[in-house]
Structures are given as structure tokens and as C-alpha cells.
Amino acid sequence: MALLLFSGAAFAQRGLNCYPVFKGKIVPTKRMVITEARGESMATYKLDYYHSVQFQVDEKTALEVAELIQADAAEAQSAETEMTGELLTYALIQPAPFARVRRYLCYQARPVGAAWIITILYLEGSATLEDLRSMFEKQ
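The shown structure was predicted, so the numbers you read here are calculated from the model rather than taken from an experiment.

Here the focus is the overall build of the protein chain. Within the protein chain one finds 5 helices and 6 strands. Counting from the amino terminus, helix and strand elements in the protein chain follow one another as α-α-β-α-β-α-β-β-β-β-α. Counting the 139 residues in the protein chain, one finds 42% classified as buried. When contacts within the protein chain are restricted to residue pairs at least 6 apart in sequence, those whose partners lie at least 24 apart make up 51%. A total of about 7,900 Å² of accessible surface is found on the protein chain, and carbon and sulfur atoms cover 53% of it.

Given below as C-alpha cells:
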């Protein structure tokens, strides 16, 4: 049963333009900090699944990742985005539900010298946008 739940969560991400990022196709997974959580530990947050990736890239790769996130925002049920120049620096995106489960993408890009640190969260559960806003503060 746990394997079915895991594969369902992984499948839900497949419908997103940013799926290649989570799979290490843009930045190798060995250069990412990856966090996944599911189950009872997430119930407090009204979430069933949490998957985050964080990595540091040059501006060219940051723009490539930002384009994928912007494509997801364009197709989403709702999306809030902020730009710094030509680069997307913040997004809170609610894609269409998958199997009646709410899904969210949270994205942040921060400059560090000539590089960018990018964090992307994929979340599933019953949490609303208001719940997420109370949990996460933009930095």
C-alpha cells in the first residue's frame, strides 16, 4: 500500500513542466539537497506529501528552470509570481488537483554573487492557499 501511495505522488508531479527538475534532468541530483516527507508527520500541516529540491546554478540555468515554473504557472488553477528583471524569483502555484488532491508548487530564486540558489517545493494535501501562506513567509 505504501508503494502505491509513493508512486501516486511521483506520478502527480509528472504532469508538471518542472518535473525534469525534480528528476535531476536540469541539475544532477548529486548537486541538489532533496527532502521528501509523507504520512503522519505532515498531518499537522494538512499535507500528505512534501518534496523539495534546492540547488545552486548559474544565471543561464536559473532562467531555464524559471521558464519551466512559468509554464506551470500559465497552466495553473491559480498562480502568484514575482520577477526581478527577467528572472522569476518567487511563485506560489496551484496546479489543477490530481485525483481530487490539492497540489502546490512553491518556488524561490535568490542571488548569491553571480549564482542563484533555487528552492522548489511540491506539496499535496488538503491545505488551502491560506494555510500555506500562514506556514511559509516569503524571504
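A complete count under the given rule lists 1 aromatic pair for this structure. Seen from their ring centres, Tyr-49 and Tyr-122 are 6.1 Å apart, and the 65° between their planes marks the pair as edge-to-face. Linking Tyr-49 in strand 2 (residues 47–57) with Tyr-122 in strand 6 (residues 115–125), this pair joins segments that are 73 residues apart in sequence. This pair shows no difference in class: Tyr-49 is buried, exactly as Tyr-122 is.

To continue, consider the sheet that holds strand 5 (residues 102–112). Strand order in the open sheet formed by 6 strands is 1-2-6-5-4-3, and the pairing between neighbours is antiparallel. The sheet is open, and its two edges are formed by strand 1 (33–38) and strand 3 (78–84), each paired on a single side. Here the strands of the sheet are splayed against their neighbours by 10° on average, with no regard to which way each runs. For strand 3 and strand 4 (residues 87–94), the ladder comprises 7 bridges, and the chain directions are antiparallel. Looking at strand 4, one finds that Thr-81 is bridged to Ala-91. Lying on the sheet, helix 4 (residues 59–75) is in contact with strand 2, strand 3, strand 4, strand 5 and strand 6; it crosses strand 4 at an angle near 30°.

Glancing now at the environment of Ala-66. Within the secondary structure, Ala-66 sits in helix 4. Expressed as a C-alpha distance, the spacing of Ala-66 and Ile-118, which sit 52 residues apart in the sequence, is 9.3 Å.

Counting 27 residues, the largest nonpolar core has Phe-55, Val-65, Ile-69, Leu-105, Tyr-107, Ile-118 and Ile-120 as its most contacted members. Mapped onto this core, the elements with two or more residues apiece are helix 2 (19–22), strand 2, helix 4, strand 4, strand 5 and strand 6. The element best represented in this core is helix 4, accounting for 5 residues. Setting aside residues up to four positions removed in sequence, Phe-55 forms contacts with Val-21, Val-27, Arg-31, Met-32, Val-65, Trp-116, Ile-117, Ile-118 and Ile-120. Membership of the second largest hydrophobic core comes to 13 residues, among which are Tyr-50, Tyr-90, Cys-106 and Ala-127.

Summed over all chains, the structure comprises 4 salt bridges. A salt bridge links Arg-38 to Glu-36; its shortest N-O distance comes to 3.7 Å. Residues joined in a network through salt bridges with shared partners are Glu-80, Glu-130 and Arg-133.

Quick notes on the rules
Residues numbered from 1 in each chain as written. Predicted model: local features only at pLDDT ≥ 70, side-chain atom pairs only at ≥ 80, totals over all residues. Heavy atoms only, no water. Helix = DSSP H or I, 4+ residues; strand = E, 2+ residues; numbered from the N terminus. Buried < 20%, exposed > 50% of the residue type's maximum accessible area, 1.4 Å probe, protein only. Contact = heavy atoms within 4.5 Å. Areas by Shrake-Rupley, 256 points an atom, 1.4 Å probe, with all protein chains shown as cover. Phe/Tyr/Trp six-rings, centres within 6.5 Å; stacked < 30°, edge-to-face > 60°. Pairing = 2+ DSSP bridges. Axes fitted to C-alpha atoms, helices over the stretch in contact; angles between N-to-C directions. Core = buried A, V, L, I, M, F, W, Y, C linked by side-chain atoms within 4.5 Å. Salt bridge = Lys/Arg side-chain N within 4 Å of Asp/Glu carboxyl O.

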